[in-house]
Amino acid sequence: VVDALVGTIRDAVAATGIRAVAIVGGVSANSRLRADAQTAADADGFALFVPRLTYSIDNAAMIAVTGHFQLAAGHTAPLDLTAVPNLKV
C-alpha cells in the first residue's frame, strides 16, 4: 500500500508540477509511508509536509466525536442528507 501511495504522489507531482505535498490524517502516522515519501521528495525535489505524530490522528474519529456531540444536543439529519463541504459544526 505504501508503494502505491508514494507512486501516486510521485506521478501527481510529475504530472502537475506541484512542488509541495502534505500527507495528513491517520495514514500520516505510518512510519514507512513517512520515510518512503521523504525519500521520494528528496529524489524528485518536492517539499513534503507531514504533521508531528501527535497530530496524525484518524479523521473518522474526529467526525464520530462531532456526530456524538451533535446527537447529544438533539441535532439529527434526514437519511437523504447530502454533503456540504463547508458545513459549520
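See the structure above.
Residues numbered from 1 in each chain as written. Predicted model: local features only at pLDDT ≥ 70, side-chain atom pairs only at ≥ 80, totals over all residues. Heavy atoms only, no water.

Focus on the overall build of the protein
Next up, step 1: Looking only at helices and strands, one finds three helices and two strands in the protein.
Next up, step 2: Scanning the protein from its N terminus toward the C terminus, one meets helices and strands in the order α-β-α-β-α.
Next up, step 3: Dimensions of the protein, computed from C-alpha atoms along their principal axes, come out at roughly 50 × 30 × 20 Å.
Next up, step 4: Counting the 89 residues in the protein, one finds 17% classified as buried.
Next up, step 5: In the structure as shown, the protein presents an accessible area of about 6,600 Å², 63% of it carried by carbon and sulfur atoms.
Next up, step 6: A gap of 9 Å separates the mean positions of the 6 positive and 7 negative side-chain charges of the protein. (Helix = DSSP H or I, 4+ residues; strand = E, 2+ residues; numbered from the N terminus. Buried < 20%, exposed > 50% of the residue type's maximum accessible area, 1.4 Å probe, protein only. Areas by Shrake-Rupley, 256 points an atom, 1.4 Å probe, with all protein chains shown as cover. Lys, Arg positive; Asp, Glu negative; His and termini not counted. Charge placed at Lys NZ, Arg CZ, Asp CG, Glu CD.)

What about the pattern of salt bridges?
Next up, step 1: Tallied over the full model, the rule gives three salt bridges.
Next up, step 2: One salt bridge in this structure joins Asp 44 and Arg 10, with 2.7 Å as the shortest N-O distance. Of this pair, Asp 44 sits in helix α2 (residues 31-44) while Arg 10 sits in helix α1 (residues 2-16), and the two are 34 residues apart along the sequence.
Next up, step 3: Owing to a relative accessible area of 34%, Arg 10 belongs among the partly exposed residues under this scheme.
Next up, step 4: The structure contains a network of salt bridges with shared partners spanning Asp 3, Arg 32 and Asp 36. (Salt bridge = Lys/Arg side-chain N within 4 Å of Asp/Glu carboxyl O.)

Concerning the side chain of Ser 56
Next up, step 1: Within the fold, Ser 56 resides in the loop between β2 (47-49) and α3 (59-72).
Next up, step 2: Of the polar contacts made by the side chain of Ser 56, one reaches the side chain of Ser 28; its length is 2.8 Å.
Next up, step 3: Setting aside residues up to four positions removed in sequence, Ser 56 forms contacts with Gly 25, Gly 26, Ser 28, Ala 29, Arg 34 and Pro 51. (Polar contact = N/O pair within 3.5 Å; in protein donor to acceptor, adjacent residues only side chain to side chain. Contact = heavy atoms within 4.5 Å.)

Quick word on the environment of Asn 59
Next up, step 1: With respect to the helices, strands and loops of the structure, Asn 59 is situated in helix α3.
Next up, step 2: Between the alpha carbons of Asn 59 and Gly 25 there is a distance of 5.7 Å; along the sequence they are 34 residues apart.
Next up, step 3: Not counting residues within four places of it along the chain, the set of residues in contact with Asn 59 comprises Gly 25 and Gly 26.

Describing α1
Next up, step 1: Along its 15 residues, α1 runs 21 Å from first to last C-alpha, staying within 8% of the 21 Å computed at 1.5 Å per residue.
Next up, step 2: Residues Val 2, Val 6, Ile 9 and Val 13 constitute the buried set of α1. Axial view of α1: buried residues confined to an arc of 55°, hence all on one face. In α1, the exposed residues that point more than 90 degrees away from the buried face are Asp 3, Thr 8, Asp 11, Ala 14 and Ala 15.
Next up, step 3: Considering only its buried residues, α1 is in contact with β1 (20-22) and α2. (Expected span 1.5 Å × (residues − 1). Arc of directions from axis to C-beta.)

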